[in-house]
Every structure is written in structure tokens, then in C-alpha cells.
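Observations on the model geometry
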Amino acid sequence: MNSPSKTEVQTAISKYIDELAQPLRELNRKVVLLTSPASQIHETPELAYEEHHAHDVICEFLTTHNIPVKRHAYGLKTAFEAVVGDTAGPCVNFNAEYDALPGIGHACGHNLIATASITGFMALAFAIRTFGLPGQVQLLGTPAEEDGGGKVDLINAGAYKNADVSLMMHPMAEDEFSDEKVQGIGGRSTIACYDITAAYHGVSAHAAASPWEGVNALDALVSAYNNISMLRQQIGPNERIHGAIMQAPTVTNAIPEFTRTKYTIRSGTEKGARALGERVRRCLDAGALATGCKVQLEETQMYADLVVVPPLCDGFQECMSDFGVNVASNDKTLMPGSTDQGNVSQIVPALHALIGIPVTDGAHNHTRQFTAAAGTDEAHERSVTAGKGMAMTGWKLLVDQQFYGEVREAFDKATA
């Protein structure tokens, strides 16, 4: 069989995905009852590691379309894996996120991320099967991006051991792109982050009769809060420390014996986040030292900074242009947010494209307005188009050795 041209592949996958338009929209549809057994991803928001409904409906969708899928993959109840192709060429990975935020649902548009990655995977799998292309395409269901780091769990479990490149997109409000002619960007770095939780153990006593017999866990928390508030004056412009009181006393007539607080620490690199985290730990320890409490500190997994690979961004830009969508390649802007795709980008060349969607009132991610925007038909269509663009980027990686070599060379240089 002669190698198909780019135009032939693009036409074929566009027709194939267009035939899946209704099932894809059904998977990501907005107007359904929360209690309906037919409800799909957007209107059934689930929190980190609890995305059982999303896991099941995506797996059922894949199975219905003759894609073998491994449910509950790599020891994670809400992860899955699907692989098509052989090992004759590179393996292109797609990551599907589908967890939501407490109280505000899909305010980061993970339903769109899942839609785009499923679209990209289905399209590239179709091309591999139809044209006998060398290589594999992998779709991973990656839970707990918002809290916990499902991709870090999957990395540790070996889910990416065969992946040569990883592709995904993330929606943003379209007004975040200053150039009105641009609908997104192929690459923009994110910062590293992790959480530290402090649990303070004191001694209860009657607050009026014998307060001197108590050891005040609330005082320890407040002392630590003030320490960290002062520390914020002395951190770098790309660093962030933000926290919340997770457990506090609910009565006034007893000396509090237990409190708990949690802080997220962000910096431009993993090394910077660790250094800043040590300063935060000292503030938390000082609260215990000053009050006589005991403190237990726990740390979450690190979300690494995202490595941008310019040739990969260029390839995505070109492929999106072929579908009539103008996106920038990459820039030097450092996003203040974090993602566990950053951890993936540390081990393989990774795309974390940003695609704009219309949002009312100038609102951005993690707002109720963005939740509503992420459920619209237009947002869905933009995620499907992004999926097509990623599929063609994956095709280019499989068949164009020079392009693949440039991507690997840039990645090796960036991570050396």
C-alpha cells in the first residue's frame, strides 16, 4: 500500500469523526437530569478518584466503537487504557481528564479535555487501521488532576513506559488571548506545585474554669497562618502560597484540642517549589513550637513544571491551521496554574495546548460561568476540532521521521 498523503488522511479522519458527531456530543452533552442513568460527563461532575460514572460511560463508548479497553487500569479504580496499533513505530499517547471541582462542577472544562482526547485517539486509531500506519495510539483515562495527581500515579505504575509523545488540550476563556485572530496556543509553561497539610494536636480544657490546663490547637493554626502571611511578602513573583482551614473548633467554651490546615505551594520549578515548601514547613512548625502543640505534616505528590517542546507546538499549529483554526505555537508566558501533565512532560515530549472557548462576563477557569461555558455546543465543537488537530499531529509523528526527530531533540535539550 502506498503511503497516503496528508490531505487523504485529514479528509478520512474528518469524515470519520463527523460521523461520530452525535455520539460524541451525547457523551459530553449538557442538558440532562443529574439523576438520569443516561446522563453524561458534563452534568454528572465527580471529584478526584471518584469519577466512576465518567470512567464507565467512556469505556462503554469505546467498546461500542470496537476499541478494546482495560477498565480500572494500573491499580486506579477510575483509570482506563485503550491501545490500537503495533510496536513498529512510535506510540502516541492521549490523556483524558474528567474530574470536577467541589461545588462548581466542570469549572475547568475537563469534560472538554476528555472529548478532545477521545476524538484525537479515535481519529488516529482509525487512520492506523485504515492506512496500515506504523506505530500505536494510546488513550489513558487520567483521574484526579484537580486534586491528587492521577497522572503521577499512572507514571509510577508504568502507564507511560511505551509512550513516546503525549498529547492533550485544555480549554480557556477565549479573551485570555490578546490577539483576536488567535483561538489558542500550542504550548505555554505552567509552574510546579504541591500541598502541605498540618494537623495540630493540643489538649482540651474548660475555657473559663481552667484554660491554663489546655494546649490551644487553634492558637497554633493562627500563629502558622500569620507566619505564612508574612512569608508571602518575601517570595518571588512567580511563586504562590495559598491555604485553607480544613478543620476548626465549633464551640467557644473549650480549649481547642485539634485543628487542621492545608497550603498549596507553587513555584516555577520543582526545585523552587521544594525550597519554598521548606520555608512554609518552618512556619507551620513554629506554630506548634510557640503553643506547645504537636504537629503532623503531610505532603502530596509534586505537580512538576510543564516542559514546552516548540517543534511539537509548531506541528500542532500547522495541523490546526489545516482545519481552519488559527492558534499560536508557543510563547514565554508562564502560567500561574499547575497540572500533572507537567509530570508527563518531564519524561516524554508533551503537548498541553490551550484552546479558547466563549465565556460570559469575562470569567475564567474555576468559576461558575466557565462551568456553563464548558457545556455549550460551541465549546464542544472547538474541543472536537482540537482533537482532529491532535490526531493529525500524531499522524505526523508516526510517518515523518524528521519531525519526530526534531521533537525528540528539542525535548532532550530542554530536559538535559
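The shown structure was predicted, so the numbers you read here are calculated from the model rather than taken from an experiment. (Residues numbered from 1 in each chain as written. Predicted model: local features only at pLDDT ≥ 70, side-chain atom pairs only at ≥ 80, totals over all residues. Heavy atoms only, no water.)

Among the 10 residues that make up strand β7 (residues 192–201), nine are buried, leaving the element largely enclosed by the rest of the structure. Pairing between β7 and strand β9 (residues 258–267): 10 bridges, direction antiparallel. In the strand pairing of β9, Tyr 194 is matched with Ile 265. One ladder, built from six bridges, connects β7 with strand β10 (residues 294–299); its direction is antiparallel. Bridging across to β10, Ala 198 finds its partner in Leu 297. (Buried < 20%, exposed > 50% of the residue type's maximum accessible area, 1.4 Å probe, protein only. Helix = DSSP H or I, 4+ residues; strand = E, 2+ residues; numbered from the N terminus. Pairing = 2+ DSSP bridges.)

This part takes up the UniProt feature "domain: Peptidase M20 dimerisation" (unreviewed entry) in the protein. With numbering aligned to this structure, UniProt lists the feature "domain: Peptidase M20 dimerisation" (unreviewed entry) at residues 188–286. End C-alpha to end C-alpha, residues 188–286 measures 37 Å, and it is 32% helix and 31% strand. (UniProt positions renumbered as here; feature names shortened; annotations may be inferred.)

With that settled, consider the sheet that holds β10. Ordered by their spatial adjacency, four strands build an open sheet running β8-β9-β7-β10, and the pairing between neighbours is antiparallel. Each of the sheet's edge strands pairs with one partner strand only, and the pair in question is β8 (240–247) and β10. Across this sheet, the average inter-strand angle for adjacent strands is 20 degrees, counted without regard to direction. Across the face of the sheet, helix α6 (residues 217–231) comes into contact with β7, β8 and β9 while running at roughly 15 degrees to β9. Sitting on the sheet, helix α7 (residues 270–291) is in contact with β7, β8, β9 and β10, with an inclination near 15 degrees to β7. (Axes fitted to C-alpha atoms, helices over the stretch in contact; angles between N-to-C directions. Contact = heavy atoms within 4.5 Å.)

What characterises a pair of aromatic rings is the spacing of the ring centres plus the angle enclosed by the ring planes. Tallied over the full model, the rule gives two aromatic pairs. Centroid distance Tyr 16 to Phe 126: 4.3 Å. Interplanar angle 5 degrees. Geometry classified as stacked. Here Tyr 16, found in helix α1 (residues 6–19), pairs with Phe 126, found in helix α4 (residues 110–131); they are 110 residues apart in sequence, far enough to count as distant. Phe 126 gets classed as partly exposed once you look at its relative accessible area, which sits at 24%. Relative to Tyr 98, the ring of Phe 80 has its centre 6.1 Å away and its plane inclined at 10 degrees; by these criteria the two rings are stacked. Here Phe 80, found in strand β2 (residues 80–85), pairs with Tyr 98, found in the loop between β3 (91–96) and α4; they are 18 residues apart in sequence, far enough to count as distant. (Phe/Tyr/Trp six-rings, centres within 6.5 Å; stacked < 30°, edge-to-face > 60°.)

Its volume calculated, the largest pocket comes out at about 1200 Å³. As for the largest pocket, its lining consists of 43 residues, of which Glu 146, Arg 266, Gly 337, Ser 338 and His 366 are closest to the centre. If you list the elements that add at least two residues to the lining of the largest pocket, you get β5 (165–173), β6 (184–190), β7, β8, β9, β11 (328–335) and β12 (350–357). It is β8 that provides the largest number of residues to the lining of the largest pocket, a total of five residues. If you add up the space inside the second largest pocket, you get close to 240 Å³. The set of elements that each furnish at least two residues to the lining of the second largest pocket consists of β11 and α12 (401–415). (1 Å grid on protein atoms, 1.4 Å probe; cavity = no way out; pocket = protein on both sides within 12 Å on 5 of 7 lines; lining within 4 Å. Points joined across faces, edges and corners; volume = space filled by probe spheres on them.)

What follows covers the packing of helix α11 (residues 377–399) against α12. Packed helix pairs are specified by the crossing angle of their axes together with the interaxial distance, meaning the distance between the axes. Relative to each other, α11 and α12 sit at 100 degrees, their axes nearing to 5 Å. With respect to each other, α11 and α12 are oriented roughly perpendicular. Contact residues: α11 offers Thr 393, Lys 396, Leu 397 and Val 399, while α12 offers Gln 401, Phe 403, Tyr 404 and Val 407. When grouped by side-chain class, the residues that make up the contact of α11 with α12 number five nonpolar, two polar and one charged. (Parallel < 35°, antiparallel > 145°, perpendicular 65-115°, else oblique. Nonpolar A, V, L, I, M, F, W, Y, C, P; charged D, E, K, R; others polar.)

Glancing now at the nonpolar core. With 66 residues, the main nonpolar core has Leu 62, Phe 121 and Met 122 as its most contacted residues. It is α4 that contributes the most residues to this core, 12 residues altogether. Discounting residues that sit within four places of it in the chain, Leu 62 has contacts with Ile 67, Val 69, Phe 80, Ala 82, Phe 121, Met 122 and Leu 139. Formed by 23 residues, the second largest nonpolar core is a distinct cluster that contains Ala 198, Ala 217, Ile 265 and Cys 283. (Core = buried A, V, L, I, M, F, W, Y, C linked by side-chain atoms within 4.5 Å.)

This part takes up the environment of Ala 48. Position of Ala 48 among the secondary structure elements: in the loop between α2 (21–27) and α3 (52–64). Residues Ala 48 and Thr 78 lie 30 residues apart in sequence; the distance between their C-alpha atoms is 9.2 Å. In this structure, Ala 48 is in contact with Asp 99, Ala 144 and Asp 147, ignoring residues within four places of it in sequence.

Moving on: the environment of Cys 108. With respect to the helices and strands, the residue Cys 108 is situated in the loop between β3 and α4. For the pair formed by Cys 108 and Glu 146, sequence separation is 38 residues and the distance between their alpha carbons is 8.9 Å. Ignoring any residue separated from it by four or fewer positions in sequence, one finds Cys 108 in contact with Leu 101, Glu 146, His 170, Pro 171, Asn 365, His 366 and Phe 370.

Moving on, we get to the pattern of salt bridges. Tallied over the entire structure, the rule returns 17 salt bridges. Put simply, Arg 408 and Asp 412 hold a salt bridge, and the shortest N to O gap is 3.8 Å. A residue pair is termed a helical-turn pair when its members lie 3 or 4 positions apart in one helix, as Arg 408 and Asp 412 do in helix α12 at four residues. Judged by relative accessible area, which is 41%, Asp 412 ranks as partly exposed. In the salt-bridge network here, residues are joined through shared partners; they are Lys 6, Glu 318, Asp 322, Lys 396 and Asp 400. (Salt bridge = Lys/Arg side-chain N within 4 Å of Asp/Glu carboxyl O.)

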